[in-house]
Amino acid sequence: MHSNIEEGAVTACDKTQDDYSQSLRDFLTSWDLEYKGKTKKLDLFNPSITAQYTDDQKEYFARTFYHIRGHFYKFLWMLGNNAPNKELKNQILYNIEEEFGGDSPSHEELYFEFTKALKLDITDEFLTEKNHLPFIKEFNLKHLEWLKDNDWPGKWAAFSAYERLDNIDYANLLGLARSFGVTGHGLTFYIIHNKADHFDRTYQNLVEVWKLDQYKVKEAFGFIGSHQINMWKILSDTIQKR
Ligand SMILES: [Fe+2]
Ligand SMILES: [Fe+2]
């Protein structure tokens, strides 16, 4: 009898956990749809438009996107410095380790394979930051300010949102790179990010934040999504005007 009650309690508890997970999944599905819908309206993610880009427009994209993706290590650094325990710190270390690529080329090197396919050498950008333009600096800075202004669950939710964008953005970016006529190794950078499982690695802890305070998750995803769309829109319009 006693054990039945216990079993019942466990079942009820599991159900609640499932409910949380389900409501979070519903939220994520609608967030994805809204975000994807907004990217579809941008010239930047319309391959029939980007296939017509001039060499100057392609170079502008290659150099600016380097800084849009390439300052994420500061985000990870801030997260790691604030992570409450070793397990979470290790998750962040794993993300950095992956950037270095193990026995394979680092993501930085893979990006340079893409630019080489466009006959560009942009290896000076890391030091000169010549194309770390004001709107990109602002984009990068706002991420760090968000981390500074939010508690650990809020920080984690923002990290999770950013990782979720990997799979959406890189599907669009892969189409963009292909439209430039890039093939083979030049696309590897985009292919591996498109397939990244980074969001899944954040999921378990995201459910915990959702249980604690759904608003925190909604606010963080709202910020990351609109902030990213804003940046893509400026980039798209700026390239179009060149
Ligand atoms: Fe990467
Ligand atoms: Fe990622």
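**Quick word on the overall build of the protein chain**
Point 1. Scanning the protein chain from N- to C-terminus turns up twelve helices and zero strands.
Point 2. If you list the helices and strands of the protein chain from N to C, you get α-α-α-α-α-α-α-α-α-α-α-α.
Point 3. The principal-axis extent of the C-alpha atoms belonging to the protein chain is close to 75 × 35 × 35 Å.
Point 4. Put simply, the protein chain has 242 residues, and 26% of those count as buried.
Point 5. Relative to all contacts within the protein chain whose residues are 6 or more apart in sequence, the contacts with residues 24 or more apart total 80%.

**Some thoughts on the environment of Phe112**
Point 1. The residue Phe112 is located in helix α6 (residues 107-117) in this model.
Point 2. With 21 C-beta atoms counted inside 10 Å, the residue Phe112 sits in the buried group.
Point 3. Sequence spacing of Phe112 and Ile92 is 20 residues, and the spatial spacing of their C-alpha atoms is 24 Å.

**Topic: unusual backbone geometry**
Point 1. A positive phi angle, close to 60 degrees, is found at Lys119, a residue other than glycine.
Point 2. Inspection of the secondary structure puts Lys119 in the loop between α6 and α7 (125-128).
Point 3. The backbone phi angle of Glu129 is positive, close to 50 degrees, even though this residue is not glycine.
Point 4. Position of Glu129 relative to the elements: it lies in the loop between α7 and α8 (134-149).

**Quick word on the environment of Lys137**
Point 1. Following the sequence through the fold, Lys137 ends up in helix α8.
Point 2. Take Lys137: there are 13 C-beta atoms within 10 Å of it, and that puts it in the partly exposed class.
Point 3. Between the C-alpha atom of Lys137 and that of His67, which follows or precedes it by 70 residues, the distance is 8.4 Å.

**Quick look at the nonpolar core**
Point 1. Residues Tyr111, Ala177 and Tyr190 are the most contacted members of the largest nonpolar core, which totals 26 residues.
Point 2. For this core, the secondary-structure elements that each account for two or more residues are α3 (55-69), α6, α8, α9 (152-179), α10 (188-194) and α12 (214-241).
Point 3. The greatest single-element share of this core, amounting to five residues, is contributed by α3.
Point 4. In this view, Tyr190 contacts Tyr170, Leu173, Leu174 and Ala177; residues no more than four positions away in its chain are not counted.
Point 5. Residues Leu147, Ala158, Tyr162 and Phe221 belong to the second largest nonpolar core, which totals 16 residues.

**Quick word on the packing of α9 against α12**
When two helices pack together, their arrangement is captured by the angle between the axes and the distance separating the axes.
Point 1. Between α9 and α12, the least distance of the axes is 8 Å, while the angle of their chain directions is 45 degrees. One way to sum up the angle between α9 and α12 is to call them oblique. Considering how the two elements wind past one another, α9 and α12 form a crossing that is right-handed. Counting all contacts with α9, which are made through Pro153, Gly154, Ala157, Ala158, Ala161, Tyr162 and Leu165, the residues of α12 involved are Lys216, Val217, Ala220, Phe221, Phe223, Ile224, Gly225 and Gln228.
Point 2. Here the residues of the contact of α9 with α12 sort into eleven nonpolar, three polar and one charged.

**Topic: α8**
Point 1. Compared with an ideal rise of 1.5 Å per residue, which puts 16 residues at 22 Å, α8 spans 22 Å between its outermost C-alpha atoms and is within 8% of the ideal.
Point 2. Inspection of α8 places Ile136, Phe139, His143 and Leu147 among the buried residues, and these make up the whole buried set. The buried residues of α8 occupy one face: seen down the axis, they fall within an arc of 75 degrees. Within α8, the exposed residues directed more than 90 degrees away from the buried face are Pro134, Leu141, Glu145, Lys148 and Asp149.
Point 3. Check the buried side of α8 and you find it contacts α3, α4 (72-82), α9 and α12.

**Examining the environment of Gly37**
Point 1. Within the fold, Gly37 resides in helix α1 (residues 2-40).
Point 2. Put simply, Gly37 and Asp18 are 19 residues apart on the chain and 28 Å apart in space, counted from C-alpha to C-alpha.

**Structural notes on α3**
Point 1. Helix length check: α3 (15 residues) gives 21 Å between terminal C-alpha atoms against 21 Å at 1.5 Å per residue, within 8%.
Point 2. Burial in α3 covers these residues: Lys58, Phe61, Ala62, Phe65, Tyr66 and Ile68. Looking down the long axis of α3, one finds its buried residues gathered within 165 degrees of arc, a one-sided arrangement.
Point 3. Where α3 is buried, its residues touch α6, α7, α8 and α12.

Scoring rules and cut-offs
- All residue numbers refer to position in the chain's written sequence, counted from 1.
- Think of it this way: whatever chain is written first is A, whatever ligand is written first is 1, and the rest follow in order.
- A pLDDT threshold of at least 70 governs which residues receive local features in this predicted model, and a stricter bar of 80 or more applies before side-chain atom pairs are shown or counted, although totals over entire chains, interfaces and linings include all residues.
- Each helix is a run of H or I in the DSSP string that is no shorter than four residues. Each strand is a run of E no shorter than two, and both are numbered from the N terminus.
- Whether a residue is buried, exposed or partly exposed is read from the other C-beta atoms within 10 Å of its own C-beta, which are placed from the backbone; 20 or more gives buried, 12 or fewer gives exposed, and intermediate counts give partly exposed.
- Here, residue contact means that the backbone-derived C-beta atoms of the two residues sit within 7 Å.
- Think of a nonpolar core as buried Ala, Val, Leu, Ile, Met, Phe, Trp, Tyr and Cys residues chained together by C-beta atoms that fall within 7 Å.
- Note on geometry: axes are C-alpha line fits, over the in-contact stretch for helices, and angles between N-to-C directions span 0 to 180 degrees.
- Throughout this description, any angle smaller than 35 degrees is read as roughly parallel, any larger than 145 degrees as roughly antiparallel, any in the 65 to 115 degree range as roughly perpendicular, and the remainder as oblique.
- Throughout, a crossing is termed right-handed when the near helix is turned clockwise from the far one, and left-handed when it is turned anticlockwise from it by less than a right angle.
- Only Asp, Glu, Lys and Arg are considered charged, only Ala, Val, Leu, Ile, Met, Phe, Trp, Tyr, Cys and Pro nonpolar, and every remaining residue, Gly among them, polar.
- The span one expects for a helix is its residue count, reduced by one, times 1.5 Å.
- Directions are taken from the helix axis to each C-beta atom, and the arc is the one they span.

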